[in-house]
Amino acid sequence: MGINWHDFFIVGNPLILGSQIAIVLTMVGIVAGITYLKKWKWLWREWLTTVDHKRIGIMYILSGVLMFFRGGVDGLLMKAQTSRPEMKFLDAQHYNEIFTTHGVIMILFAAMPLLIGLMNVVVPLQIGARDVAFPQLNALSFWLFFSGAMLFNISFVVGGSPDAGWTAYFPLAGKEFTPGIGNNYYAVALQIAGIGTLMTGINFIVTVLKMRTKGMTLMRMPMFTWTSFIASVIIVASFPIFTVALALMTFDRIFGTHFFTISGGGMDMMWANLFWLWGHPEVYIVVLPAFGMFSEVISTFSRKRLFGYNSMVFSIVGIAFLSMLVWVHHFFTMGAGPGVNSVFSITTMMIAIPTGVKMFNWLFTMRKGRIELTTAMLWALAFIPCFVIGGVTGVMLAMGAADYQYHNTLFLVAHFHYVLIPGVVFAVFAGLYYWWPKMFGHMLNEKIGKIHFWFFTIGFNLTFMPMFFLGLDGAVRRSYTYSAESGYAPLFLLSTIGAVILAIGFGALCYNIYWSARYADRNISNDPWDARTLEWATASPVQFYNFAKLPEVKSIDAFWYMKKHNEGLTLKDEEVEEIHMPSNSGLPFYMGVIFGITGFLLVFEWKLAALVATVGILAGLIIRSFDYNDGFHVHKDEIKKTEKAWRSVNKGVNNHVS
Amino acid sequence: MEKNHKGFPVTHVIGFIMSLVLTFAALGVAIKTSLPFKTILWIIGSLAVVQAGLQLYMFMHMNEGEDGKSQVINVAYGFFIAVVTVAGSIWVMSFGM
Amino acid sequence: MFKKGYLIPLLAFLPVLLLSGCNKMVVFDPKGPAARDILGLINWSLVFMLIVVVVVFGLFGYIVWKYRATSKNKDYVPPEEHGSTKLEIIWTAIPILIVIALTIPTVNTIYKLEKVPAGYEDKKPITINVTSADWKWIFSYPEQGIETVNYVNIPAGTPVKFKLTSAGTMQSFWVPALGGQKYTMNKMETQLYLTADNPGEFLGRNTNFNGKGYADMEFTVEAKSSKDFEKWVKEVKANAPKLTEKKYNELLKPTHLGRETFTGTHLAWVDHGKMNSKTYTNPELYKVHGVQGKIFKDEENNTEMNDSNGGEHNGN
Amino acid sequence: MSANVNTALPLEYQTEQNRMNILGFWIFLGAEIILFGTLFAVFSVLNARYAGGPTPKDLFEIKDVMVETILLLTSSFTCGLAIYEMRRGNRNGLLLWFIITLLLGAGFVFMEVTEFIHYVHEGATMQTSAFLSSFFVLLGTHGLHVSMGIGWATMVIIQIFKRGLTPVTARKTFIIGLYWHFLDVVWIFIFTFVYLARMVA
Ligand code: HEA
Ligand code: HEA
Ligand code: CUA
Ligand SMILES: [Cu+2]
């Protein structure tokens, strides 16, 4: 194939060389560590082949945190470059690659897995199920996501990163203007991860529709389950569009077709159209589960049930419905007729209405409550004012004519960080602090948590608030530098300082995870927060079969009801029955690997080799078709033993809520 | 959703004949008539939708089973999104020009 | 510890304060009717946004303060409220009213911006064709028969009809002091009316990312009095070199250029806004580090300009 | 997941896992509707951009298209009969109609491939124009689905031979039936909006 190794491995840039060395060393370190500790078998049996929704969730979260770190470092690099006018830290090409990978990684490989991870851990527990509807498919979803994420990340050191923005607008992203393979990575890696996400969507729809425990009617479901369900519906409605868009991009770039090219009659605007047909719903896919988490956290720590439950449900359904009807607001300035722009301005602004309903319902959940300022609750509280700023600036953008002045400026960048970070990142932090004991059997440290919180929120506001003003003063996005005469320097510097504070905050989280893993008290109850929903009705960490006896639900906030009426909290030996559970499988992992290999070959446009590799994919599908493994039964004795262990511990636990 | 059909698969045969009729009707309208293009498009488009509905109900038994309702809503929703995508794209990309 | 809880709302208020005080930001300092119309809309929206922010922040501060857990209210058991139909109707209805209040001027302004600005209807607009290329702006004056690069002179007080197109990637034409932006696209033509009230110099730039040279893709707009404008045109016609096709092909290569001036326009041989216009691409010149794809290796025309045809389309 | 078997229902609906799989597959079909809808959207926008290349009138042969259509319609019918036989517990009837269905499907794929080869010989390739790019990708996606369906159904037939009619094989057969009918539905729209409409336009 005549590979030019100098081009293959990006060398010559100290930054990239440094990361290459770091990556190689880390990998060697991990392999050596696992070998030394003789953990290979354990890793394979307990994690790589697992189909347990909780473990899959944890793997999602782990990858998400890692990717958040990668995306965050990208963000810091950009901030370093724009800290001073005409700074020479990164050149234009590197800046372009970095904001592209930052956007893609943050949204698709950080926000999505963090949310899907928490969905995986929590949703089956909240509806009183033993797993998701299709556990093996769930594992496959994860491995496809992981494979896509890894493929995307190696672009940094192997072959070159994509550099056309996370929106990858044509004609720029086409072969004529971006001949390198960087954008092939975009097309292929997102495709692989996207297929995984689509299957997650299907899986959770069926899980919620079919696996609810007795009495758990739709209108008794916890709000996080509702939002996860609706987000899954949006996933199924929008990801197929992205699949097609990416496939056509691949065709244009690798097979010379003319969908979006400027030659051969292609239409560059069609890409923007398809991208946002997916891209807009995508932002609600990430924000809805986050809304759900805030609902749980706010209700738990106000010690009140959620205010206006029904209108909360209607509002998410409304948001989901509208989310498919607003995509044009991302290209008001493309010159569509005034009729088009008017209609889409109106549909977009309408989203403020259901979102407002949610806002006020949260506020009134707290009213007359007893608000406990745990770290999880602090995130939920900070979310409200910050998100309102993001939301109202969104409405300003939605006004088509006004958007002619905001579009593609830092005002827009400020808007979306003000919705994405409070809306998604704060939610994930809240969710992690809240559900950590469910996942790992110990709490995160509240003191360090508060340091994390204050640094992060203050840093966040300092970083992104100045961008509103820069944007109104004409500073555009995606520009690697600006002149000294522009007068932007002070605000840009302020923003960089903010980002450093933000990074310290994130560092505090990492330290908290480490500290808590080593030193935190393991002697905690299954319900350390005195919470309201079913996931707290079982052990922390949750035993692999979730519930020895599936709970029966009589009201919303089912566990709260059980506690108040003292029902179903104990388990008698006679009630224990054998439990049927699915077996582990190596196939999803294999599929992830083979998809990764195929994708890699396709990225390098080695079409024949890629075709050969697809045989491996087909082989995987055939093996699955002939797989009749029906799972296994957990014996009564084992269940009794497990249940006794955690139920007796509960008697003498320490109270951790300060 | 009865378990055992007895005798002759009536609905299937009716469905098949109707789909043939609809197909040829569309062909006839498109090739044999000289209506304006828009009219033809509307007619053959409606025939296609009818035929799709026929397949969904008579062959695929979309509304059968304990999840019949979910399945119908799901297909209707999918169809709605598809229509929004097609009509929206055409409208937006024509730029009101 | 709790006092810090006010920090966030305070920080969040900052923009509102700054917005009302600071009039130097370019969007708040319009120099033409289009920008002024938009600013009117923006100011109108800011009033409502301010109301929303004040109401939510006020409620938030009050509720969080009043109902926080303290050692004194340890035994307080919050009531089990389900909701309140009345309240829920209120906070659905008021946002609906706000949205309506925002919708009407928005739609009005959208339509208004498509036309010659009010107050200038009796002035005959001049037409300037804008062609964006990597990474420069090319302005053709079909009526005057001249062409400039990276700067554009316009007569003040006269509506200018900018016909926008691109020789390659998608760009966005924006002169914030004069009005909103619009994309330029190959084989498409979009239009934008801008008018400068008075003579002056304004910065314009591309806002739609288009590769390596994007950051520097700026131009200046100089509004001159009609007399000065005529004088300038005459001078150009007398002194500037003639634009040849060869020179033009040179211009279209992905480069940075300073200001240039020519007599004659490239519209004589190509209008990139036409559906069937020639395609100009230079993939060879866009190579960066890393592995290059293969697609152009297989094709014979990997040399200069690629001549493939545009195809026919209903657009113009 | 539980082995609760409700024998009052048809085989494919008897276990909870089966019911979940069927519902899941319906939702997958919902996603497929949107996927094809997007391809139709692309085709609708690009369908008059010939870039000087051949037009539908130059290319399409209504007779071949009608044969393809009838092959697929008939296969949908025989697939219906296969499921009908399955519900009567008639394994051999099921297999017979199932195999006929696949043969008809194979005939369709064969016709389509010949059609494509013919176009390419006339100089109409995927790279010629936006119209042809969108044409080939829309029809190619459908054709690929049919081919995958044939391969998948073959696996299921082998399983029926090996295991007979069980809730699991019945569920697999039922689901592939749904898939097959769905591809016929997609074809109806291709027939209408790609062939008929573009020939008249
Ligand atoms: C989680 C992600 C998220 C969320 C929730 C939102 C929410 C909203 N967004 Fe945002 N948006 C993005 C992520 C998000 N956005 C991203 C990533 C981009 C840029 C992509 C790119 O180009 O790279 C973007 C870009 C973007 C644009 C394109 C601008 C441009 O390119 O020029 C527009 C325009 O309309 C817009 C509007 C809105 C609106 C109206 C909302 C609404 O949903 C907000 C609703 C919320 C409120 C309004 C606050 C609470 C409500 C009340 C208190 C009630 C009372 C209020 C009123 C009546 C006003 N967004
Ligand atoms: C969920 C989505 C998400 C999140 C969380 C973020 C988080 C951040 N983003 Fe954003 N961003 C996007 C989504 C997101 N972003 C998108 C979609 C775009 C558009 C891309 C495009 O234009 O195509 C964008 C664009 C974007 C830009 C605009 C670039 C430009 O247009 O010129 C900037 C610039 O400041 C930026 C900065 C940041 C920063 C500082 C953070 C911070 O919040 C990050 C916080 C995390 C950390 C700080 C990590 C902590 C690291 C350490 C503790 C280690 C320190 C180590 C070293 C320094 C080596 N982002
Ligand atoms: Cu009924 Cu196939
Ligand atoms: Cu949007």
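Calculation criteria
- Residues numbered from 1 in each chain as written.
- Chains lettered and ligands numbered in written order.
- Predicted model: local features only at pLDDT ≥ 70, side-chain atom pairs only at ≥ 80, totals over all residues.
- Heavy atoms only, no water.
- Domains from an automatic or database assignment.
- Contact = heavy atoms within 4.5 Å.
- Buried area = accessible area lost by both parts, 1.4 Å probe.
- Salt bridge = Lys/Arg side-chain N within 4 Å of Asp/Glu carboxyl O.
- Polar contact = N/O pair within 3.5 Å; in protein donor to acceptor, adjacent residues only side chain to side chain.
- Donors = N, O, S within 2.8 Å, 3.2 Å for Na, K, Ca; no water.
- Helix = DSSP H or I, 4+ residues; strand = E, 2+ residues; numbered from the N terminus.
- Buried < 20%, exposed > 50% of the residue type's maximum accessible area, 1.4 Å probe, protein only.
- Near = heavy atom within 4 Å.
- Nonpolar A, V, L, I, M, F, W, Y, C, P; charged D, E, K, R; others polar.
- Phe/Tyr/Trp six-rings, centres within 6.5 Å; stacked < 30°, edge-to-face > 60°.

### Notes on the domain arrangement of chain C
All names here are of chain C. Each domain of chain C was delimited in the assignment, giving domain 1 (22–67 + 85–114) and domain 2 (126–286 + 295–310). Put simply, the middle of domain 1 and the middle of domain 2, counted by C-alpha atoms, are 36 Å apart. At the junction of the two partners, domain 1 supplies 10 residues and domain 2 supplies 12 residues. The largest contributions to the domain 1 side of the interface with domain 2 come from V26, K31 and E114, which together make up 45% of the buried area. Across the contact surface, domain 1 and domain 2 share two salt bridges. Between E114 and K182 there is a salt bridge; the shortest N-O distance is 3.5 Å. For the interface between domain 1 and domain 2, the tally reads four residue pairs in polar contact (both at pLDDT 80 or more).

### So, the coordination of the copper ion (ligand 4)
All names here are of chain A. Note on the copper ion (ligand 4): its protein donors are H280 (ND1), H329 (NE2) and H330 (NE2). The metal-donor distances range over 1.8 to 2.1 Å. Between the copper ion (ligand 4) and the iron atom of ligand 1 there is a metal-metal distance of 4.6 Å. With a gap of 49 residues between them, H280 in helix α9 (residues 268–302) and H329 in the loop between α10 (309–323) and α11 (338–350) connect regions that are remote in the sequence. Both residues of the pair, H280 and H329, count as buried.

### Side note on the site of ligand 2
Residue and element names in this part refer to chain A. In the vicinity of ligand 2 there are 28 residues, among which Y95, H102, W166, H417 and R478 approach most closely. Contacts to ligand 2 include Y95, whose side-chain N or O atom sits 2.6 Å from an oxygen atom. Contact between ligand 2 and H417: a nitrogen atom at 2.8 Å from a side-chain N or O atom of the residue. Where the shell around ligand 2 is concerned, the elements lending two or more residues are α4 (53–81), α5 (92–126), α15 (410–440), α16 (446–472) and α17 (489–519). In terms of residue class, the shell around ligand 2 is built from 19 nonpolar, six polar and three charged.

### Observations regarding the site of ligand 1
In the region of ligand 1, 31 residues are neighbours, and W166, Y284, D403, H407 and H415 of chain A sit closest. Chain contributions to the surroundings of ligand 1 come from chains A and C. Between ligand 1 and W166 of chain A, the relevant distance is 2.8 Å, taken from an oxygen atom to a side-chain nitrogen or oxygen of the residue. The contact in question runs from a nitrogen atom of ligand 1 to an N or O atom on the side chain of H415 of chain A, over 3.0 Å. The leading source of residues in the shell around ligand 1 is helix α13 (residues 375–398) of chain A, at six residues. Its residues placed into classes, the shell around ligand 1 shows 20 nonpolar, nine polar and two charged.

### Quick word on the coordination of the iron atom of ligand 1
The sole protein-derived ligand of the iron atom of ligand 1 is H415 of chain A (NE2), positioned 2.2 Å away. By the secondary structure assignment, H415 of chain A is in helix α15.

### Describing the interface of chain B and chain D
At the junction of the two partners, chain B supplies 50 residues and chain D supplies 51 residues. For the pairing of chain B and chain D, the buried interface totals around 4,300 Å² over both sides, and the portion due to carbon and sulfur atoms is 77%. Seen at the junction of chain B and chain D, the total is two salt bridges. The partner of R19 of chain D in a salt bridge is E66 of chain B, and the shortest N-O contact between them spans 3.2 Å. One can count eight residue pairs in polar contact (both at pLDDT 80 or more) joining chain B with chain D. Counting only elements with at least two residues in the side of chain B that touches chain D, the list comes to α1 (10–32), α2 (37–59) and α3 (68–94) of chain B.

### Digging into the packing of aromatic side chains
In the structure shown here, the tally under the stated rule is 111 aromatic pairs over all chains. With 5.9 Å between their ring centres and 35° between their planes, W271 of chain A and F275 of chain A make a pair best called tilted. One end of the pair is W271 of chain A and the other is F275 of chain A, both in helix α9 and four residues apart, which spans about a single turn. Of the two residues, W271 of chain A and F275 of chain A, both sit in the buried class. Ring plane angle 50° and centroid distance 6.2 Å describe the contact between F43 of chain D and F131 of chain D, whose orientation is recorded as tilted. Pair noted here: F43 of chain D is in helix α1 (residues 16–46) and F131 of chain D is in helix α5 (residues 130–163), with a separation of 88 residues, a long-range link.

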